[in-house]
Every structure is written in C-alpha cells, then in structure tokens.
Amino acid sequence: MRGGHPAAFSTLLLIAGPPVPAADVSPLEFTISVPARGRVGASVSIVLRLHNRSDRPIEAHFLGRTIVFDIVAAREDGSVAWRRLGAKAAPSILQIRTLAPDETLEWRDAWRPREPGRYRLQGVLPSDEPDPRRTPWVDVTVTP
Amino acid sequence: MSRLSTLRLIVPAALVVAAACQDATTPTAPVAARVTPTAYAPQQVQRWFDTMAREGLALPGTVLADYDETTNRAVVGVEHAAAAASVRALAVRLGVPAAALVVREMEPIRFVTTLRDRVVPRIGGIQIHFGNFLCSMGFNAVDGGQASFVTASHCTNRQGGVEGTVYYQPLQSVDGVSIGTEVEDPDYQRNIAGCPHGKKCRHSDASRAAYNPGITSALGQIAKTDATSPNTYSLVLNGSISLSGGDSRDRFTIGETINKVGRTTGWTQGQVTATCATVNVSGSNVSLICQTIVENAVQIVGAGDSGSPVYTSSNALAGVLWGGNSSGTLLVFSPLKNVQDELGPLQVK
C-alpha cells in the first residue's frame, strides 16, 4: 500500500493545491489537497477525495454508517502533532458502497497548527482491509 | 503445489479443488527426482488412471487421483493405510500394474469456510448483512421461547427503535433467504441517570433479531477459527466454542483478559483498561453508559466487527462489541448484564 512512516518522506517536494494521487494503479484514487503554507493559529483546510477513475462501478468498503475518515499531521521527526480522530470510539460497522465510474467522494476538515515548522499530512480511510486506504503524504510549512 | 497444476487432477466432488492444489498434495521430495518414468505407453497409463480414478475414488478414505506426466504413473492419495490397501487391491482386480501406480497417504482435504461465508447452523461471530452494511452476529439467545440472535443496536436500519431490519448471512447476494428480523432495539433516551447533558443514552448497544422459520442456529456456540493464538486475524472457521454460560458482571477487572471473535479480525484478545465507563460515540449524539474498554498494542477490532461476541478466558459470554478506535487497538463492549437489563432475560446456553 501507500503511506509509511512520515520520516521516510523527507525528500518530498512541497505540494500546493492540486491533489496528490496515490502511487498505485488502483481504480480508486485517494488524494489529499492542502495548501502548501499555513500560519500558526489559522485553519489549514484539508480535502480528501476518493475517485473512481475506471469506467466501471467499483465496490468499496468503509468504516461507519457515516464514513469515518482520519487525518494525521506529523512533524518532521515523525511524531504526530494532530490526529483528527484521536482515540475516539466509533461504531465498528462496515459500509458497502459502490462508486460509479468517475464518481468522487469527498471529505473535508481543518487543522489549526499550534507551532511553526514543517509538517506532513496524510488522509486515512479505515476499512476491513488489514491496512487502511491512505493518501500520499504532503508537506505543509507553518510560519509564525 | 505448482507441479500439480500441470497434472490431471481428480478429487471427489465434495472436495475443494483449489485446496487440493496446495500443500496437502505436495510430496516430501519431487517425485521426478527419484522415480524413473515407467516404460508403459502414456496412453495406456492414462487409461489405467481413468479406471482407478473412477473406481478408486469411490472407496472410503481416498482423497484424490491424478495422472503424473513426469513419472507416467497414476497417483491415488489416501487418508490411511487401510485405504491404501483397498486401492492396491482394486488395482490388482482391474489389472493395473503396481509399477504404474503410486498410492500416497495424505491429509484429507476439506472445504475452507471463513467467518465471512455461509455458516450453518448459525453461530456467534459470523458475518451478517443488512442494507448496505456488514456486521458480526453476536450470540444466539432464546427469549420467551423465541430463537434469536443478538447483535449491535447500530447494526439495524436505525439505531434505537424497532423497524424490522432484515438480516442475511453472509450476504443477500450469496443467500437470498433472510435469516432473521429485528424485534428488539430499545430507544435511546435523554436525562437518564449517568447520561451526559445533550446526549441520548443507553447501557448497551445491543438489539435482538428473531430467526425466521427454517433457519437453524446453535445455542451457546460461537465461532472458533483455526488460529492457535489470538490476534493472528485468521478468518478460517474451525468448529465452534461452547460458551460456559453468561457472565453477570457489569464491571470487569482491570487487566483481565477478554476475547472476541468477529468477521473482520477473527479471534482477538486484549486486556481490560477501563470498566463501567461512559463512552461518547464518535460522530453521533449517543453516549453509552457503563461500558468496558479493552486494549492491546496490536489491532483487535476492525470495520465489520460490530456485534461480535465478547467472552472471558473461561468462555463465559461477557457482552457485545460495538466499537473501537481508528487504529483498532482499543475496543469497547457492552456487558451482557447491561444487554439483559435492556433486552430482558436471555437464555444464552
């Protein structure tokens, strides 16, 4: 799968605006869009998208009656600065959803960084697979 | 293994061919390395093979038959020496030379059934399906003489309130005959003792469905996987566990080992880290009062495990799993005592 420890992505270029596609050939493309720069105390808007880029319906499995998504913001040393879900308990129900060709599901949230620095952000979609679906990491520089 | 993929392989109809192509048929060393091909014409050996396959697989204790091109021999797999003797006697009777036949003892090949397959009779821990959702069956119960199963309250069309959710097992697309219908799922209420301000509460995330006529279930049985240790995530069904009874506690001991079995992560185990905790359900205005939290360093719950039976080290039914954290290292379950306080007395064994 994609993803991995944030420290492994130290050579990633800063990416602004356009979504970063997953590095596989899955018909479902899971991407994250964030601005390349943010300021301490100001909201950083985050958009996750799951897109069926194939020409056929694709069945996907998700956690939750309302689909549960997670976002992780990690510091350069790999430590987690923010995790959307934290340790919250959510119902472990599995949702089956079929995405039509070219259909896109979208989830939005915002992160308010507390300290300046370079961060890496990743979106996560839990399912019944051993590894959740993950976006690539993207870099965000937070200034004072 | 791969060598067998080139062979003509015949197994009894009741066996799984896919499984036959795996380790059970692999000799301890490549036959071709130590057996010289017979001098018989391959067409002749194939005729003997056809006869042996047709007649031999009708004998008790036979597993498979194949024609091995590399050694030009008919191969018959048997479970035990008695079956081997029967096959050799048959070969004599049919005029098949001993040199053209290999009789090999091997493990019998069985259907591989998982927690996500159709399982009859129905037992706790197997996959159930309703609407666009999958959950796990909790446990079988008799309520006022009615054969039923318990699962999570949120594993119904609407959490709280009875709307007659129809269940299939494992999927409607696999078996279109529904197994049961929701008959009990008490409403969540505000302003009950222990309920946080602004929340709707219950003491258990549990509902009950009545089995439909003709659906068989095994009271007191929950799925047992082939795992020999917990947290290996095998989903292969290997019989069932007999519950020793119901655990009447609503407060479990911190550090106590607790098990669960469910359709996503199979048999998992962790230790109680909180007991009788009020838990807010993420993404809702629901709180559950007096719940038990179990944790481990590894994943012990996943999407689809909702409703799973939770049980103690002595196989006493402890409750119903309903949730977990995003990494799956923490699960929350409603104690059986709370379930019975809300659904009424249940015979679980």
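Cut-offs and rules
All residue numbers here refer to positions counted from 1 along the written sequence of the relevant chain. As they are written, the chains are lettered A onward and the ligands numbered 1 onward, keeping that order. Totals for whole chains, interfaces and linings use every residue, but because this is a predicted model, local features are given only for residues with pLDDT of at least 70 and side-chain atom pairs only at 80 or more, for both listing and counting. Two residues qualify as being in contact provided that their C-beta atoms, derived from the backbone, are within 7 Å of each other. A run of H or I in DSSP counts as a helix once it spans at least four residues, and a run of E counts as a strand once it spans at least two, with each numbered from the N terminus. Classification convention: Asp, Glu, Lys, Arg as charged; Ala, Val, Leu, Ile, Met, Phe, Trp, Tyr, Cys, Pro as nonpolar; all other residues, Gly among them, as polar. Lines are fitted to the C-alpha atoms to define the axes, a helix being fitted only along its stretch in contact, and any angle between axes, read from their N-to-C directions, falls within 0 to 180 degrees. Roughly parallel refers to an angle under 35 degrees, roughly antiparallel to one over 145, roughly perpendicular to one between 65 and 115, and oblique to any angle outside these ranges. It is the rotation of the near helix from the far one that decides the hand of a crossing: anticlockwise by less than a right angle makes it left-handed, clockwise makes it right-handed. Strands pair, by our definition, only if DSSP identifies at least two bridges between them.

**Q** Talk me through the interface of chain A and chain B; I want residue IDs and the actual numbers.
**A** Each partner contributes to the interface: chain A provides 23 residues, whereas chain B provides 26 residues. The set of elements that each furnish at least two residues to the side of chain A that touches chain B consists of β4 (58-63), β7 (90-91) and β8 (94-99) of chain A. Here the side of chain A that touches chain B takes four residues from β8 of chain A, the largest share from any one element. Residues of the side of chain A that touches chain B, tallied by class, amount to twelve nonpolar, six polar and five charged.

**Q** Please give an account of the packing of helix α3 (residues 42-56) of chain B against helix α4 (residues 81-94) of chain B that cites residues and values.
**A** All names here are of chain B. Taken N-terminus to C-terminus, the directions of α3 and α4 make an angle of 130°; their axes are 11 Å apart at the nearest point. By the angle between their axes, α3 is oblique relative to α4. Viewed along their axes, α3 and α4 form a crossing whose handedness is right-handed. Seen from α3, the contacting residues are Thr 51, Met 52, Glu 55 and Gly 56; seen from α4, they are Val 87, Leu 90, Ala 91 and Leu 94. Classifying every residue of the contact of α3 with α4 by side-chain character gives five nonpolar, two polar and one charged.

**Q** Tell me about the sheet that holds strand β14 (residues 217-225) of chain B, and please be specific about residues and values.
**A** Two modes of strand pairing occur in sheets, parallel and antiparallel, and in both the strands are linked by backbone hydrogen bonds. All names here are of chain B. Strand order in the open sheet formed by three strands is β5-β14-β15, and the pairing between neighbours is mixed. On the outer flanks of this sheet lie β5 (122-124) and β15 (237-242), each paired with one strand and no other. Sheet twist, expressed as the mean angle between neighbouring strand axes with direction ignored, is 60°. The pairing of β5 with β14 spans two bridges and is classified as parallel. Looking at the pairing, Arg 122 lines up with Ser 217 of β14.

**Q** Tell me about the pairing of strand β12 (residues 138-143) of chain A, and name the residues and values.
**A** Residues and elements named next belong to chain A. For strand β2 (residues 37-39) and β12, the ladder comprises three bridges, and the chain directions are parallel. Note that in β12 the partner of Arg 37 across the bridge is Thr 141. In the sheet, strand β10 (residues 117-125) pairs with β12 via five bridges, with the strands oriented antiparallel. Bridge pairing in β12 links Arg 120 to Asp 139.

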